[in-house]
Amino acid sequence: MSTPLAGLKVIEIAGLAPAPFAGKILADFGADVIRVDRSKSAMNLDVLAQGKRSIALNLKSPAGIEALVRLCENADVVIEPFRPGVMERLGLGPDVLLKRNPRLVYARMTGFGQEGHYAKMAGHDINYLAISGVLSTLGKHDDKPAFPINLLADFAGGGLMCALGVLLALQERAQSGKGQVVDAAMVGGVNYIGSFVYNMHKAGALFQTPRGTGQLDGGAPFYDTYKTKDGLYMAVGALESEFYELLLQGLGLNREKDQLPEQMNTEGWPMLRELFTKIFLSKTQAEWVKVFDQTDACVTPVLDYYEMSTPPPAPRLLRTPGVQPKAESEEIFLEVGGQSQEILKEAGFSDQEIRDLVAKNAVAGPGLDKAAL
């Protein structure tokens, strides 16, 4: 069965989190993704390398640099994860690579973008969230802003948006025949993901209240999480009135008999939250699942992420699906330089050229000693 990106060749310069995730998305849907590692002795922290191959190149060596340029000549996409100016200093900037391969899609993954006040500063997910304005919307009322580990900026605003940019550029290339630079800044990506919040606030429809006091940010008792008798949690998202009524029924409550305030009466929210908290503590998570399963009350168990199976590629394509994950026991780390020799040969390097690269300490990997060649 074919995959959507079969035949696409991607060069991914080794990095952490966002750029590897962009490469993983492309690999999961059939692209041949080659990760370029610095050296065989480098520490391997990439847990998103399944389905990729690795070549170890010494990018401090002119021969190693030229080898990478040759790899990019035959590639469709290159993904680089460095701060602005690093690739240019290495002689691997877009001007160089696009001149050698005008059809190349050159994706740049940065935190703050290629230009601007913060462009050359170090940062992490929490900083990109902060500068984007999204962090100010997250957290409980009268408490400091809260961040959802590093999912929003690194992976949603970063890796996912970078992969989208690559696919958009490839679609445009199908018409123009030309490659281009994709500038994937995590600040811009997560800001764009926040379009709904921004536009709703601008329209005065939602998110006009202080953080943590609205319907969707933890202020409403019918959109929150509750602890159960066995120390686990249930998630409640009964926003619509008809779903809210089903929530009350499942909790054994009657609006008139129990003299409950109206759902949208914010003054009654503290009383409702206290009541819901007490009731949810009366049963185990499994018991609450039996109560609400297959109902439209929008009440579900909060499952431990480590109980879940390996995440499959998403979204699902029924005719040309992505590459399904292998057994859970599969090694998640990719051997640094594990496929150096085969990658070089596929790119047209002769045995003598490979021996020269080895002699110049420009490439590393198993089987690259002279005897093996």
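Each remark here, short or long, concerns the structure printed above.
Residues numbered from 1 in each chain as written. Predicted model: local features only at pLDDT ≥ 70, side-chain atom pairs only at ≥ 80, totals over all residues. Heavy atoms only, no water.

Student: An account of the environment of Asp-142 is needed here, citing residue identities and associated values.
Tutor: Note that Asp-142 resides in the loop between α5 (125-132) and α6 (151-176). Classification of Asp-142 by relative accessible area gives exposed; the value is 71%. Sequence separation of Asp-142 and Leu-92 is 50 residues, and the distance between their C-alpha atoms is 48 Å. Reaching out from Asp-142, the side chain makes a polar contact with the side chain of His-141 at a distance of 3.2 Å. (Helix = DSSP H or I, 4+ residues; strand = E, 2+ residues; numbered from the N terminus. Buried < 20%, exposed > 50% of the residue type's maximum accessible area, 1.4 Å probe, protein only. Polar contact = N/O pair within 3.5 Å; in protein donor to acceptor, adjacent residues only side chain to side chain.)

Student: Could you give an account of the pattern of salt bridges, with specific residues and numbers?
Tutor: Scanning the entire structure with this criterion turns up 19 salt bridges. Between Glu-346 and Arg-53 there is a salt bridge, and its shortest N-O distance comes to 2.8 Å. Of this pair, Glu-346 sits in helix α12 (residues 340-346) while Arg-53 is found in strand β3 (residues 53-57), placing the two residues 293 residues apart along the sequence. Here Arg-53 falls in the buried class, since its relative accessible area comes to 13%. One salt bridge connects Arg-273 with Asp-224, and the closest N-O pair in it is separated by 3.0 Å. (Salt bridge = Lys/Arg side-chain N within 4 Å of Asp/Glu carboxyl O.)

Student: Describe unusual backbone geometry, with residues and values.
Tutor: The peptide bond linking Ala-314 to Pro-315 adopts the cis configuration, its omega dihedral lying at 0°. You can see Pro-315 is positioned in the loop between β9 (299-301) and α12. In this model, Ile-149 sits at a positive phi of 40°, which is unusual for a non-glycine residue. Summarising the element assignment, Ile-149 is placed in the loop between α5 and α6.

Student: Please give an account of the layout of surface pockets that cites residues and values.
Tutor: Counted as a void, the largest pocket has a volume near 1600 Å³. In terms of lining, the largest pocket is formed by 46 residues, of which the most central are Lys-24, Leu-48, Gln-50, Thr-310 and Pro-311. Residue assignment for the lining of the largest pocket shows that the elements contributing at least two residues are α1 (18-28) and α6. Broken down by element, the residue count for the lining of the largest pocket peaks at 7 residues, all from α6. (1 Å grid on protein atoms, 1.4 Å probe; cavity = no way out; pocket = protein on both sides within 12 Å on 5 of 7 lines; lining within 4 Å. Points joined across faces, edges and corners; volume = space filled by probe spheres on them.)

Student: Give me a nonpolar patch on the surface: which residues, what numbers.
Tutor: Together, Leu-303, Tyr-305, Tyr-306 and Met-308 line one region of the surface with nonpolar side chains, adding up to about 560 Å² of accessible area. Inspection of the secondary structure assignment puts Met-308 in the loop between β9 and α12. Overall, the relative accessible area of 46% leaves Met-308 in the partly exposed class. (Patch = residues over 30% accessible without salt bridge, like charges linked within 9 Å, V, L, I, M, F, W, Y side chains within 5 Å. Areas by Shrake-Rupley, 256 points an atom, 1.4 Å probe, with all protein chains shown as cover.)

Student: Quick rundown of the side chain of Asp-125? Include the residues and the values.
Tutor: Looking at where Asp-125 falls in the secondary structure, it is placed in helix α5. It turns out Asp-125 is buried and unbridged, and the closest side chain with the opposite charge, Lys-144, is 15 Å from it. In this structure the side chain of Asp-125 is engaged in a polar contact, spanning 2.9 Å, whose partner is the backbone nitrogen of Ala-153. Beyond its immediate sequence surroundings of up to four residues, Asp-125 is in contact with Ile-149, Asn-150, Leu-151, Leu-152, Ala-153 and Asp-154. (Lys, Arg positive; Asp, Glu negative; His and termini not counted. Contact = heavy atoms within 4.5 Å.)

Student: With reference to specific residues and values, describe the nonpolar core.
Tutor: One finds Val-10, Leu-26, Ala-31, Val-77, Ile-79, Val-105 and Val-166 to be the most contacted residues of the largest nonpolar core, which totals 32 residues. Every element with two or more residues in this core is listed here: α1, β4 (77-80), β5 (105-110), α5, α6, β6 (180-185) and α7 (186-193). In terms of residue count, the dominant contributor to this core is α6 (6 residues). The contacts of Ile-79, once residues within four sequence positions are left out, are Val-10, Ile-11, Glu-12, Ile-13, Ala-19, Ala-22, Gly-23, Leu-26 and Ala-107. (Core = buried A, V, L, I, M, F, W, Y, C linked by side-chain atoms within 4.5 Å.)

Student: Got a sec to walk through the sheet that holds strand β10 (residues 363-364)? Specific residues and values, please.
Tutor: One open sheet holds the 7 strands; their spatial order is β6-β5-β4-β1-β2-β3-β10, and the pairing between them is mixed. The sheet is open, and its two edges are formed by β6 and β10, each paired on a single side. (Pairing = 2+ DSSP bridges.)

Student: How would you explain helix α9 (residues 241-250) if you had to name every residue and give the values?
Tutor: Of the residues making up α9, those classed as buried are Tyr-244, Leu-247 and Leu-248. Across the axial projection of α9, the buried residues extend over an arc of 95°, all falling on one side. Those residues of α9 that are buried are in contact with β8 (233-237), α10 (269-280), α11 (285-292) and β9. Of the residues one or two after α9, Gly-252 is the one with positive phi, at around 75°. (Arc of directions from axis to C-beta.)

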